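Remarks on the overall topology
So the chains spell out like this:
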Amino acid sequence: MFAIHPQLLADCHALGRLPATHLLLHKNAAVPWCILVPETDLANLLDLPVAQRDAVLADCKRVSDYLVGSLGCARVNVAWIGNLVSQLHIHVIGRNPADACWPKPVWGHLERTRDYSPAQIAAIRAGIGGA
């Protein structure tokens, strides 16, 4: 049975499902940071079967469009690293020149923290379309 890694669940708000992934929102609201988790035992996005990989990337595009179109992010960083959590998960992070660690990557440089309100979480869930 598929389960999302406990570390991802501890670090994130679960927002529901997109067509090919589980949608998570990182709890630190200093930058808009979504994490998408496909249901697979594979650890590398590029190893997914083509149809599944394309569907996962379509979910990434959906989140990216929301970050740019609704939140006004200037850039979107996308990465699947897996050094600390081996379960395949894709980070989709909205970036702006005024954000907490611009232009550095968020990993190891995001010192500021801020919480989301329940209303903000609900608005992001609705805006991306997590069900």
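Before going into details, it helps to say that this report is about the structure given with it. (Residues numbered from 1 in each chain as written. Predicted model: local features only at pLDDT ≥ 70, side-chain atom pairs only at ≥ 80, totals over all residues. Heavy atoms only, no water.)

Describing the nonpolar core
Nonpolar side chains in soluble globular proteins generally cluster together in the buried interior. Ranked by internal contacts, the top residues of the largest apolar core, which has 23 residues, are Leu-23, Val-63 and Ile-128. Put simply, the parts of the chain that give this core at least two residues each are β2 (21-26), β3 (33-38), α2 (50-69), β5 (90-95) and α3 (118-128). Per-element accounting of this core gives the leading share, five residues, to α2. Within the second largest apolar cluster, 14 residues are counted, among which are Cys-12, Val-31, Val-37 and Leu-110. (Core = buried A, V, L, I, M, F, W, Y, C linked by side-chain atoms within 4.5 Å. Buried < 20%, exposed > 50% of the residue type's maximum accessible area, 1.4 Å probe, protein only. Helix = DSSP H or I, 4+ residues; strand = E, 2+ residues; numbered from the N terminus.)

Section: the pattern of salt bridges
Applying the stated criterion to the full structure yields four salt bridges. Note that Asp-54 is salt-bridged to Arg-53, the shortest N-O span being 4.0 Å. Taking the relative accessible area as the measure of exposure, Asp-54 reaches 43% and is therefore partly exposed. Assessed through its relative accessible area of 22%, Arg-53 is described here as partly exposed. Here Asp-99 makes a salt bridge to Arg-95, at a shortest N to O gap of 2.6 Å. We classify Arg-95 as buried; its relative accessible area is 2%. (Salt bridge = Lys/Arg side-chain N within 4 Å of Asp/Glu carboxyl O.)

A word on the packing of aromatic side chains
Under the counting rule described, the total for this entry stands at one aromatic pair. Taken together, a centroid distance of 5.7 Å and an interplanar angle of 80 degrees make the contact between Trp-33 and Trp-107 edge-to-face. Of this pair, Trp-33 sits in strand β3 while Trp-107 sits in the loop between β5 and α3; the two residues are 74 residues apart in sequence, bridging distant segments of the chain. (Phe/Tyr/Trp six-rings, centres within 6.5 Å; stacked < 30°, edge-to-face > 60°.)

Some details on the sheet that holds strand β4 (residues 75-79)
The sheet built from five strands is open, its strands ordered β1-β2-β3-β5-β4 with antiparallel pairing. Each edge of the open sheet carries a strand with a single partner, namely β1 (12-17) and β4. Ignoring strand direction, the axes of neighbouring strands in this sheet form an average angle of 25 degrees. Bridge count for β2 against β3 is five bridges, and the pairing is antiparallel. Looking at β3, one finds that Leu-24 is bridged to Ile-35. On the sheet, α2 packs against β2, β3, β4 and β5 and is oriented at approximately 20 degrees with respect to β5. Relative to the sheet, α3 contacts β1, β2 and β3, its axis offset from that of β1 by approximately 35 degrees. (Pairing = 2+ DSSP bridges. Axes fitted to C-alpha atoms, helices over the stretch in contact; angles between N-to-C directions. Contact = heavy atoms within 4.5 Å.)

A look at the environment of Arg-95
Inspection of the secondary structure puts Arg-95 in strand β5. Remark: the alpha-carbon pair of Arg-95 and Val-68, spanning 27 residues in sequence, is separated by 9.2 Å. In this structure Arg-95 touches Cys-73, Ala-74, Arg-75, Asn-77, Cys-101, Trp-102, Pro-103, Lys-104, Pro-105 and Val-106, once residues within four positions along its chain are discounted. Within polar-contact distance, the side chain of Arg-95 engages the side chain of Asn-77 at 3.4 Å. (Polar contact = N/O pair within 3.5 Å; in protein donor to acceptor, adjacent residues only side chain to side chain.)

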